[in-house]
Amino acid sequence: MSSTAPTKRSQPTNTLPSGKGVYDWVKPFLTTTVGMKVTTAITGTALTLFVIAHLIGNLKIYDGRDSLNAYAHFLKSLGPWLWVARIGLLVAFTLHLVFALYLKKRSSDARPVKYAYKQTVQASWASRTMPWTGLVILAFVLFHLAHFTLGMVGTTDARQEMARKIVQVGYMDLIDDKGRPDVYSMVVAGFSNNIVCVCYVIAQLLLMVHLSHGIASVFQTLGLNTPRIQPALKRLAWGIAILIAIGNIGIVASVRLSWLGDSYVPITRVGDAPPAPVSQPVGEQATPPKKN
Amino acid sequence: MKLTLHVWRQKDQKTPGRMETYPADHVSEDMSFLEMLDTVNEGLIHSGKEPIAFDHDCREGICGSCAMMINGMAHGPEKGTTACQLHMRKFHDGEQIYIEPWRAKAFPVLKDLVTDRSAFDRVIQAGGFVSVNTGGTPDGNALPIPKENADTAMDAASCIGCGACVAACPNASAMLFVSAKVTHLASMPQGQAERRDRVLKMVDQHDKEGFGHCTNIYECEAACPKGIGVKFIAQLNRDFLTSSMKVVNKREATGADAAAG
Ligand code: HEM
Ligand code: FES
């Protein structure tokens, strides 16, 4: 090595970076570069498992309106458990994001003067763009929550259950014939907008790129990688990433190609006037909305 | 052959530097990269200019001094080769060659291509001691070591501490270097006593020196002139995980413990 190192006498020799308390136990995972990377790996794994579970759940859309709405209704009926899951996801998402961006900031500081001649030998494009694909996914998740969880993006035509007038309503106001939120119609309506679809497809492709590096990287970070399995892990990562992308984009494409959804007009109770009981002919009221 | 060199010139640590262009007109294919720089420097001295400062010592690929980034690649385009062992036949006539120092906050530029890599020494120091018995030479094979472990330790020990891993890493992380040093001792029976403390302390020092984190990009592996692989980083991560989780190992070792060894 190039020069002699000054021995720091001021610092006690052989003192461990951490002590004996509970905080000291988790401290390496919150403060050191290696430990924070482990935390991003564990939270990233949790998020990936969520995305897979989320996709499998959404595949119920191919089983029809009733199936998807029943599934959504089941999730809502979990009550406090739904909130446990949501908070767990939020914690995982936040830790993943904050640590990844903090480490990224740290590593840009670690090279204050950049190279004039930029060159990489074997790094993949995906591995070098993780913070950027991640930030786009963050933007997408916020948009996606506004879109389908809060129903703040866009409205759709719906027919009032009683008055049978066509009105413009938000996605949250759609109901199906069993009075459950009509998630199926919401998805079909949501993907009728071109720009929204382009956003979903781009986000899914970038998620695929993110995961193509991320899934293999987790094994290295957790110390489970060996030269023997490394090529297999790379293929596994790409395989999972591509399957997730195909699954999610497939839903968008199926709506666009009219494989899902049809001429069905969703129902709503918004602005619905209860029919005057006297003038209403008996029997009309009981007629169920036309089913497809 | 005739080449055009673009070289980073910097007077000292304080003065900002810049790239400067020099022609290299009388280059033989048989020259090493450093010999080529020597001839350019002779020309500079003759014309009364300051020669290009660069680190070198053994010129046989074992000391790790000859640190330089050649066309954005640590130690140049040849795989598994230090800059001093790189020959000009790897370049073609008329080529433009960019020569820059290692770029990392932890490796400040002292002059031109010379950087201060004492951060590596401090990481090694943070690793502390190995407990071995003093006295006479131990009998050969008195301490049985499985062949695989001996090989792993030898592979890890082939790290010459040149800093190419840091230079090539987009995050300026020294994780390949630290992992080679950690694995080297962790593979040997002599390294077991302090194994758990060592990895935590070395990672801690690595971070303090201002190196970046490892994002498993594997540029370091491609740059290493000694072919150190990223499997050592996986080993470091394993040791880090197990050491962090074992509370019992977090004793506060004092200097007195060394005497017991
Ligand atoms: C294009 C593919 C996707 C479709 C079709 C889709 C569809 C949906 C739908 C319909 C909901 C609302 C469920 C309900 O509240 O009834 C939802 C919620 C959600 N989605 Fe997606 N989604 C997709 C991709 C993703 C991706 C890639 C992520 C994240 C990485 C994601 C994260 C979420 C989250 C966090 C929620 C909220 C869950 C909650 O509020 O508890 N989605 N998605
Ligand atoms: S000068 Fe010693 S390795 Fe190049």
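Conventions and cut-offs
Residues numbered from 1 in each chain as written. Chains lettered and ligands numbered in written order. Predicted model: local features only at pLDDT ≥ 70, side-chain atom pairs only at ≥ 80, totals over all residues. Heavy atoms only, no water. Helix = DSSP H or I, 4+ residues; strand = E, 2+ residues; numbered from the N terminus. Buried < 20%, exposed > 50% of the residue type's maximum accessible area, 1.4 Å probe, protein only. Contact = heavy atoms within 4.5 Å. Areas by Shrake-Rupley, 256 points an atom, 1.4 Å probe, with all protein chains shown as cover. Donors = N, O, S within 2.8 Å, 3.2 Å for Na, K, Ca; no water. Tetrahedral: all angles 85-135°; square planar, octahedral: opposite > 155°, others 65-115°. Pairing = 2+ DSSP bridges. pLDDT = per-residue confidence, 0-100. Axes fitted to C-alpha atoms, helices over the stretch in contact; angles between N-to-C directions. Parallel < 35°, antiparallel > 145°, perpendicular 65-115°, else oblique. Left-handed = near helix turned anticlockwise from the far one by under 90°. Expected span 1.5 Å × (residues − 1). Bend = angle between axes of the 7 residues up to and from the residue. Patch = residues over 30% accessible without salt bridge, like charges linked within 9 Å, V, L, I, M, F, W, Y side chains within 5 Å. Salt bridge = Lys/Arg side-chain N within 4 Å of Asp/Glu carboxyl O. Nonpolar A, V, L, I, M, F, W, Y, C, P; charged D, E, K, R; others polar. Phe/Tyr/Trp six-rings, centres within 6.5 Å; stacked < 30°, edge-to-face > 60°. Lys NZ or Arg CZ within 6 Å of the ring centre and 35° of its normal. Domains from an automatic or database assignment. Buried area = accessible area lost by both parts, 1.4 Å probe. Polar contact = N/O pair within 3.5 Å; in protein donor to acceptor, adjacent residues only side chain to side chain.

Draft legend 1. Quick look at the overall build of chain A. Helices and strands together make up the secondary structure of chain A, namely nine helices and four strands. In chain A, which comprises 292 residues, the share counted as buried stands at 40%. Across chain A, every contact between residues at least 6 apart in sequence was considered, and the portion connecting residues at least 24 apart equals 70%. For chain A, the accessible area works out to roughly 16500 Å², and carbon and sulfur atoms hold 68% of it.

Draft legend 2. The coordination of the iron atom of ligand 1, seen in detail. All names here are of chain A. Protein coordination at the iron atom of ligand 1 comes from H54 (NE2) and H144 (NE2), with a distance range of 1.8 to 2.2 Å. Taken together, the six donor atoms surrounding the iron atom of ligand 1 define angles of 79 to 179° at the centre, an arrangement classified as octahedral. Note that H54 is positioned in helix α2 (residues 33-58) and H144 in helix α6 (residues 130-149), a separation of 90 residues in sequence. Classification of H54 by relative accessible area gives partly exposed; the value is 27%. In this structure H144 comes out as buried when scored by relative accessible area, which is 18%.

Draft legend 3. Layout of the pairing of strand β1 (residues 3-9) of chain B. All names here are of chain B. Of all seven residues in β1, six are buried, a share of seventy percent or more. Pairing of β1 with strand β2 (residues 18-24), which is carried by seven bridges, proceeds in the antiparallel orientation. The residue bridging R9 from the neighbouring strand is R18, located in β2.

Draft legend 4. Main features of the environment of K105 of chain B. Residues and elements named next belong to chain B. Residue position: K105 is located in the loop between β5 (96-100) and β6 (109-111). Judged by relative accessible area, which is 45%, K105 ranks as partly exposed. Spatially, the C-alpha atoms of K105 and G210 are 6.5 Å apart, while their sequence positions differ by 105 residues.

Draft legend 5. Here's a closer look at the confidence of the model for chain B. Residue and element names in this part refer to chain B. Overall, the predicted model of chain B reaches an average pLDDT of 91, with 94% of residues at or above 70. Confidence drops under a pLDDT of 50 for residues 247-261, and excluding neighbours within four residues, the segment shows 29 contacts in the predicted structure. Across the interface, the model reports ipTM at 0.88; the global pTM reads 0.83.

Draft legend 6. How the structure looks around the packing of helix α4 (residues 80-109) of chain A against α6 of chain A. Residue and element names in this part refer to chain A. Relative orientation of the contacting elements α4 and α6 amounts to 155°, with a least axis distance of 10 Å. Taken together, the axes of α4 and α6 are roughly antiparallel relative to one another. Crossing of α4 over α6 shows left-handed handedness. Residue-level contacts link R86, F93, L97, L101 and K104 of α4 to P131, L135, L138, V141 and T149 of α6.

Draft legend 7. Up close: the sheet that holds β1 of chain B. Residue and element names in this part refer to chain B. The strand order β2-β1-β5-β3-β4 describes an open sheet built from five strands, whose pairing is mixed. Because the sheet does not close on itself, it has two edges, and the strands there are β2 and β4 (73-74). The pairing of strand β3 (residues 69-70) with β5 spans two bridges and is antiparallel. The partner of M69 across the bridge, within β5, is E100. Relative to the sheet, helix α1 (residues 33-46) contacts β1, β2, β3 and β5, its axis offset from that of β1 by approximately 80°.

Draft legend 8. Representation of helix α9 (residues 230-256) of chain A in the model. Residue and element names in this part refer to chain A. For α9, which comprises 27 residues, the first-to-last C-alpha distance of 39 Å matches the rise-based estimate of 39 Å (1.5 Å per residue) to within 8%. At G250, α9 is deflected by roughly 30°, the largest bend along its length. Just beyond α9, the residue with positive phi is S258, at close to 60°.

Draft legend 9. Structural context of a nonpolar patch on the surface. Residue and element names in this part refer to chain A. Residues W83, I87 and V91 make up a contiguous nonpolar surface patch of about 320 Å² in total accessible area. Mapping V91 onto the fold places it in helix α4. Its relative accessible area of 45% is what places V91 among the partly exposed residues.

Draft legend 10. Examining the packing of helix α3 (residues 65-77) of chain A against helix α7 (residues 183-190) of chain A more closely. Residues and elements named next belong to chain A. Packing of α3 against α7 brings their axes to within 7 Å, and their N-to-C directions diverge by 110°. If you check the angle between α3 and α7, you find them roughly perpendicular. Facing R65, L68, N69 and A72 of α3, the residues of α7 in contact are V183, Y184 and S185. The residue makeup of the contact of α3 with α7, split by class, is four nonpolar, two polar and one charged.

Draft legend 11. Layout of the packing of aromatic side chains. Across all of its chains, the model carries 13 aromatic pairs over all chains by this definition. An angle of 75° between the planes, with centres 5.2 Å apart, marks the rings of F107 of chain B and F120 of chain B as edge-to-face. With a gap of 13 residues between them, F107 of chain B in the loop between β5 and β6 and F120 of chain B in helix α2 (residues 118-127) connect regions that are remote in the sequence. Of the two residues, F107 of chain B and F120 of chain B, both sit in the buried class. Ring pairs connect the aromatic residues F140, F143, F148, Y171, F191 and Y200 of chain A, which therefore count as one cluster. Positioned over the ring face of Y264 of chain A is R65 of chain A, at 3.7 Å from the centre of the ring.

Draft legend 12. Seen up close, the domain arrangement of chain B. All names here are of chain B. When the domains of chain B are assigned, the result is domain 1 (3-111) and domain 2 (118-129 + 146-260). Taking only C-alpha atoms into account, the centre of domain 1 sits 29 Å from that of domain 2. Across the contact, 17 residues belong to domain 1 and 17 residues belong to domain 2. In total, domain 1 and domain 2 occlude about 1200 Å² of area from one another, counting both sides; carbon and sulfur atoms represent 64% of this. Summed over the three residues of domain 1 that lose the most area to domain 2, namely W102, A106 and F107, the buried surface amounts to 33% of that side. The interface formed by domain 1 and domain 2 includes zero salt bridges. Counting every contact that joins domain 1 to domain 2 gives two residue pairs in polar contact (both at pLDDT 80 or more). Residues belonging to the side of domain 1 that touches domain 2 are distributed by class as follows: nine nonpolar, six polar and two charged.

Draft legend 13. Region of interest: unusual backbone geometry. Residue and element names in this part refer to chain B. Although it is not a glycine, R59 adopts a positive phi angle of roughly 55°. Within the element layout of this structure, R59 appears in the loop between α1 and β3. Given the relative accessible area of 25%, R59 is considered partly exposed. The backbone of N71 sits at a positive phi, close to 50°, despite the residue not being glycine. Relative to the helices and strands, N71 resides in the loop between β3 and β4.

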